[in-house]
Amino acid sequence: MRRSRLRILIAVVLIPVVAGWWAWQNRDRIAPNLVNPLLEGSRVESIRGLEVGLSSMSLEQITLTLESGSKIALRDIQLQQPLDLLFGAGENHSRLAIAELGYLPAPQIDAPVPPAAPATAETTAGDPPQPAEETQAPREPDSGELRLSELLQLLQRYLPERIEISDLRWLGGPIERGRLTSTRDHRKDRIDLRLTSEQQQLRFRLHTPDRQLDIRAELQAGKEQAAILSGRANRLDTTGWDTQLQLQLNLEQLRKLPLPQQVRETVAAATGAVNAELNTRLPDRLLRPGEYRNTALDLSADAATVTLPEALLGAPVRVAFDTPEATTIAFASLLPFRPRDIAGSGRLVVTPVAGDAPLLSADIDTEVSGGQPVISLTGEIEFEALTPLLEAGRWQSRAVELSSPEGRGSFRGTAKLEPLQQFTVGSAPTVKDIEFILLPQTRLGIEVSGRDAGATIPDQLGWQKATAALELAEALTVTAAQWPGAIALAAPALELTAQPGNGDAPVSARVSNMTCRIDSDRTCALELDSETDKLALPAQELTGEKVSLHSRLEIDARKQQLGAILLDTEIAAATLQRQDWKLQDLHLRSPKLQCLLAAGQPHCHAASLAIAVGDARAPKLETSGTIELEAISFTAENGQPRAEAKYRSRDIRVLVQEQYALDPSIRGQLELAGDTLQGSGHLRAGTLRANADWRHQLESGRGAASFELPSTGFSRDAPLSDSIGGLPVDLVAGSIAARGRVSWPLGDGQGGDSISMTLDRIAAVYGDMFAVDLSGQVTALYRGDTWITESPQPLRIGSVDVGLAIDDIRFALSLTPQGDLALSDLSAELLSGKLQSAGLTWNLDGKERRSEIRLDGISLEQLASETEVGNFAASGILDLHIPLLTGEDGVTVEQGRVEARPPGGRLRYYGAFSPDMLSGNPQLKLIAGALEDYNYRELSGTLEYPPSGDMQMQLKLVGRSDSVAQDRDLVINLNLENNIPDMLRSLQASRDLTGSLEEAVDNQ
């Protein structure tokens, strides 16, 4: 029995010893399993080399993974006086030394966007939205009872007397490698901490005398201080502390710190200082913001300057801010967040880094009125300082270069924040009643140069360089009821000028009554008036004088489309000239033109557009009147323009070659498809009607037209002169019809150019001459470079009265490739005889052509009757052979032959010679007496007719006179001269043209 008890006692003693020995031998593996359940998310990965003693503890290495995924590795840890650290003490004399501490942040992975919750049976996608639950007042966090006083006691009891980390590493962090030391002075109640790296040093001191807390933190970059945080908290009672904190930032030194990349770029060239002071009644329960009282924050800046990166504005810009006195923000409470008052002012200056002059200077003031913060600003803009920005690539286009800005402007503005009692944590305050005013006399001037010749408006105007200026005649105002929200812009009067660098006249414009609204949709409305004394488009060889534009413009920009409406648009010019064309008093008017740009495709339409010209002149052409376009539409598909419109004329007057006038009425429609302009039209002038279809290639200038002139009848009451005035020929009877096709340049129709004309019993008047009963059809074709007829075209004229009547004229008309106008098989009746010619030819280029005419059976008796010469009578029949020479000088007859038919005839010519001629000339007196009654058996001679019209005849007469030598033959040689045109005009004047014409028309 005794031996059994001894064995049990030995086992009870040995088992714990053995278990403890086993646990000690496996302490590195057992310790993490004991500690990890206490770490709440973090865990110890491994422990190695744990040594425990009463006066010291050591650990070769420990590795931890935090809940965030970051890792911490500690090596060579030594802890002296561990019992003071583990159990706390009035004076904790423990010392902690760590040879190396490494920190590796968790990898940054973007959190996936959770999928939208599917619709349930209770609320589906089609159900109306349910009213939102009533917003609950913010609750204080469940902070437990974390108290400042208790934290200080914990520091007093558990913070080691000395902490030293010889090698502190933060991989990828702001401190790649550093050293940390912390010391305590129990006698002075002071804690000092120092963190040093190669370029930075952080010093922190905490002083905790009775019922007081003093802190001071200094951050140094090199040997200069970058930031200082200092403060004091005095214990008021068991629930609160009277606290003051001051923060001083030296921006020039702050930029030397290892900051995040985006912050580093912003403060890369920072200078000046920023100061902040916080005063509050701090609750002892730190995490109860609802118990913070009398909180006020003072902010000030002393020439604080930062540089905005080039990526923001295209060029680096310095922003400087200075406060003459601190800006104070007083808080009624922090939870709920309720500011009570805001007051302060400052000056903001923006200067491009590459320039010396400030671009913008503004004074900013903040005050609270009726519980609502009001921000006001006034300032100036110096546009010359824009030069560095304009030189940046972002603000330069491929087509235009902007340079040499100048001018200045002034502005003021106000804005209201939401009432202080409505401020909430976590959301930006709403800005309301925003007003920004750019004051009158603000002016911006800038030089504009073209980079790509012909690609810009200045290049089209021949301005290699121009100076543009914008000046406010009245204030420009930008307002918004709140931001974010819609913005309204109003500008009663803007003055714009463009001064060409080549000395041309300036172009001025005035924008008035401009109002814009910028929201999800953007709309603008304005009136535009522009004018210039002279305008030139050298590429189009177009110049204008006194050119002006007026329009009311409405713009509506939506997400995928841009709309514009031009109302009451008028373009006017005193003169507009291109090459030989000159337009005077030009007006283009459109009541409404509407355009829409959607998916890059423009669509425009207008109900009407009128083009009025007071006087338009071209070589041998003058016109005036109005062309009205209706149902106008324009679009572009795949870069190709398409347009169509109807057109008609009003009060058109046309004068051709300063002589031929008509007042046509034109209507039709046109269509543009890519490079092709085509259309159809109808012309009416008096009794004339014409229809045409045409097509024109804009790029090549080639085109063609087909036309038709329906049969049109004429009468004495409706002659051709009622349709076309000034023509040398008037049609007073009969009808005419025509059709054809003409291309331009002429002959470009590949042989298809032709004109066909049908004449039916036409009666025509030319001066004091007329022709009646003209009938036939003529078809001409354009071949090579001239008009021709494929075959002779038969024509018939009932009668032509040139003073003498020529009747029953028949011939075949031909036009040859050589430019000859030929009348073949010509026949007519004249003075009871016949006129015949195998071919009568004129060359249209004035080349000489020879023809022959025969006059057979011409009655001298009828000739004497037609001429109605009282002292002349004759009988007999004549035959004439007339060789004609035509050319640029006119008609010439050389060596024509005249011969009388047997048995001859009788001449009676009284007073052939004047008494003066007869006195002293017995022979001439003898001839004169013989001609008073002369019977000839033979009459022959020659005929000459020069271009002057003075016909000369040399005649030889053989016969007898009863008054002289009745029993023998008397031979008389006569040289006769007469101007044929004068004779015909005399004959024409001697008759009644109207009566003769009416008689001829009635008898045709």
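For clarity, every value in this text was computed on a predicted model and none was experimentally measured. (Residues numbered from 1 in each chain as written. Predicted model: local features only at pLDDT ≥ 70, side-chain atom pairs only at ≥ 80, totals over all residues. Heavy atoms only, no water.)

What follows concerns the overall build of the protein chain. Helix and strand content of the protein chain: 14 helices and 55 strands. At a minimum sequence separation of 6, the contacts of the protein chain that also span at least 24 residues come to 48%. For the protein chain, the computed accessible surface area is about 57200 Å², with 55% contributed by carbon and sulfur atoms. (Helix = DSSP H or I, 4+ residues; strand = E, 2+ residues; numbered from the N terminus. Contact = heavy atoms within 4.5 Å. Areas by Shrake-Rupley, 256 points an atom, 1.4 Å probe, with all protein chains shown as cover.)

A cluster of nonpolar side chains, contributed by Leu146, Leu151, Leu154, Tyr158 and Leu287, occupies part of the molecular surface with about 380 Å² of accessible area. Residue placement: leucine 287 occurs in the loop between strand E13 (271-283) and strand E14 (293-308). Judged by its relative accessible area of 40%, leucine 287 is partly exposed. (Patch = residues over 30% accessible without salt bridge, like charges linked within 9 Å, V, L, I, M, F, W, Y side chains within 5 Å. Salt bridge = Lys/Arg side-chain N within 4 Å of Asp/Glu carboxyl O. Buried < 20%, exposed > 50% of the residue type's maximum accessible area, 1.4 Å probe, protein only.)

What follows concerns helix H4 (residues 148-158). Listing the buried residues of H4 in full gives Leu148, Ser149 and Leu152. Angular distribution of buried residues about the axis of H4 spans 110 degrees; they occupy a single face of the element. (Arc of directions from axis to C-beta.)

For the protein chain, per-residue confidence averages 82 on the pLDDT scale, and residues scoring 70 or more make up 84% of the total. Across residues 110-143 the pLDDT falls below 50, and counting only partners more than four positions away or on other chains, this stretch makes 16 contacts in the model. (pLDDT = per-residue confidence, 0-100.)

Where strand E21 (residues 408-417) lies against strand E22 (residues 431-438), six bridges are found, and the strand directions are antiparallel. Residue pairing for E22: glycine 413 is matched across the bridge by phenylalanine 436. (Pairing = 2+ DSSP bridges.)

A separate point is the pattern of salt bridges. Within this structure, the stated rule accounts for 45 salt bridges. The residue aspartate 192 makes a salt bridge to arginine 190 at a minimum N-O spacing of 3.2 Å. You can call arginine 190 partly exposed: its relative accessible area is 21%. With a closest N to O distance of 3.4 Å, glutamate 570 and arginine 589 form a salt bridge. Of this pair, glutamate 570 sits in strand E30 (residues 561-578) while arginine 589 is found in strand E31 (residues 581-598), placing the two residues 19 residues apart along the sequence.

A few words on the environment of aspartate 933. Here aspartate 933 lies in the loop between helix H12 (922-931) and strand E53 (934-945). On the accessibility criterion, aspartate 933 (17% relative accessible area) is buried. Here the alpha-carbon distance between aspartate 933 and serine 963, two residues 30 residues apart in the chain, equals 7.1 Å. Excluding anything up to four places from it in sequence, aspartate 933 contacts Arg906, Leu907, Arg908, Arg960, Ser961 and Asp962. Side chain to side chain, aspartate 933 and arginine 906 meet in a polar contact 3.1 Å long. (Polar contact = N/O pair within 3.5 Å; in protein donor to acceptor, adjacent residues only side chain to side chain.)

Here we take up unusual backbone geometry. The peptide bond linking tryptophan 483 to proline 484 adopts the cis configuration, its omega dihedral lying at 0 degrees. Position of proline 484 among the secondary structure elements: in the loop between strand E25 (476-483) and strand E26 (487-500). Proline 902 connects to proline 903 through a cis peptide bond whose omega is 5 degrees. In this structure, proline 903 sits in the loop between strand E51 (890-900) and strand E52 (905-909). For aspartate 76, which is not glycine, the phi dihedral falls at a positive 55 degrees. Among the secondary structure elements, aspartate 76 is positioned in strand E4 (residues 71-80). For aspartate 76, a relative accessible area of 35% translates into the label partly exposed. Residues other than glycine seldom take positive phi values, yet glutamine 657 does so here, at roughly 55 degrees. Mapped onto the secondary structure, glutamine 657 falls in the loop between strand E34 (640-656) and strand E35 (660-662).

Attention shifts here to the state of the cysteines. With the rule as written, the count across this model stands at two disulfides. The disulfide partner of cysteine 516 is cysteine 524, and the S-S distance across this bridge is 1.8 Å. Between cysteine 516 and cysteine 524, the disulfide has an S-S torsion of 115 degrees and is therefore right-handed. A residue is classified by how much of its surface remains accessible, and cysteine 516, at 11% relative accessible area, is buried. By sequence-ordered numbering of the bonded cysteines, the protein chain has its disulfides arranged as 1-2, 3-4. (Disulfide = S-S within 2.5 Å.)

Attention now moves to the side chain of threonine 942. For threonine 942, the location among the structural elements is in strand E53. On the basis of relative accessible area, threonine 942 is assigned to the buried category, the value being 16%. Once residues within four sequence positions are removed from consideration, threonine 942 is found in contact with Gln895, Gly896, Arg897, Gln952, Met953 and Gln954.

So, on to a negative patch on the surface. On the surface, Glu848, Glu888, Asp889 and Glu894 cluster together to form a negatively charged patch. With respect to the element layout, glutamate 888 can be found in the loop between strand E50 (877-887) and E51. Here glutamate 888 falls in the exposed class, since its relative accessible area comes to 70%. (Lys, Arg positive; Asp, Glu negative; His and termini not counted. Charge placed at Lys NZ, Arg CZ, Asp CG, Glu CD.)

By the burial criterion, the buried members of H12 are Leu924, Ala928, Gly929, Ala930 and Leu931. In this fold, the buried residues of H12 make contact with E52, helix H11 (915-918), E53, strand E54 (950-961) and strand E55 (970-979).

Another point: the environment of methionine 951. The topology assignment puts methionine 951 in strand E54. When its relative accessible area of 17% is taken as the criterion, methionine 951 is described as buried. Counting along the chain gives 27 residues from methionine 951 to asparagine 978, while the straight-line C-alpha distance between them is 5.3 Å. Setting aside residues no more than four positions away along its own chain, methionine 951 makes contact with Leu943, Glu944, Tyr945, Leu976, Glu977, Asn978 and Ile980.

Judged from the three bridges that link them, strand E47 (residues 833-843) and strand E48 (residues 849-859) form a sheet pairing that is antiparallel. Residue pairing in the sheet places lysine 834 in a bridge with aspartate 856 of E48. Taking the residues that link successive antiparallel strands as the turn, the E47-E48 hairpin has five residues, and the phi of glycine 846 there is positive, at about 85 degrees. Pairing analysis gives nine bridges linking E48 to E50, with the strands arranged antiparallel. Residue pairing for E50: isoleucine 858 is matched across the bridge by leucine 878.

What follows concerns the environment of isoleucine 611. Looking at the element boundaries, isoleucine 611 is found in strand E32 (residues 601-618). A C-alpha to C-alpha distance of 5.8 Å links isoleucine 611 and histidine 587, two positions 24 residues apart in sequence. With sequence-adjacent residues up to four places away left out, isoleucine 611 is seen in contact with Leu586, His587, Leu588, Gly625, Thr626 and Ile627.

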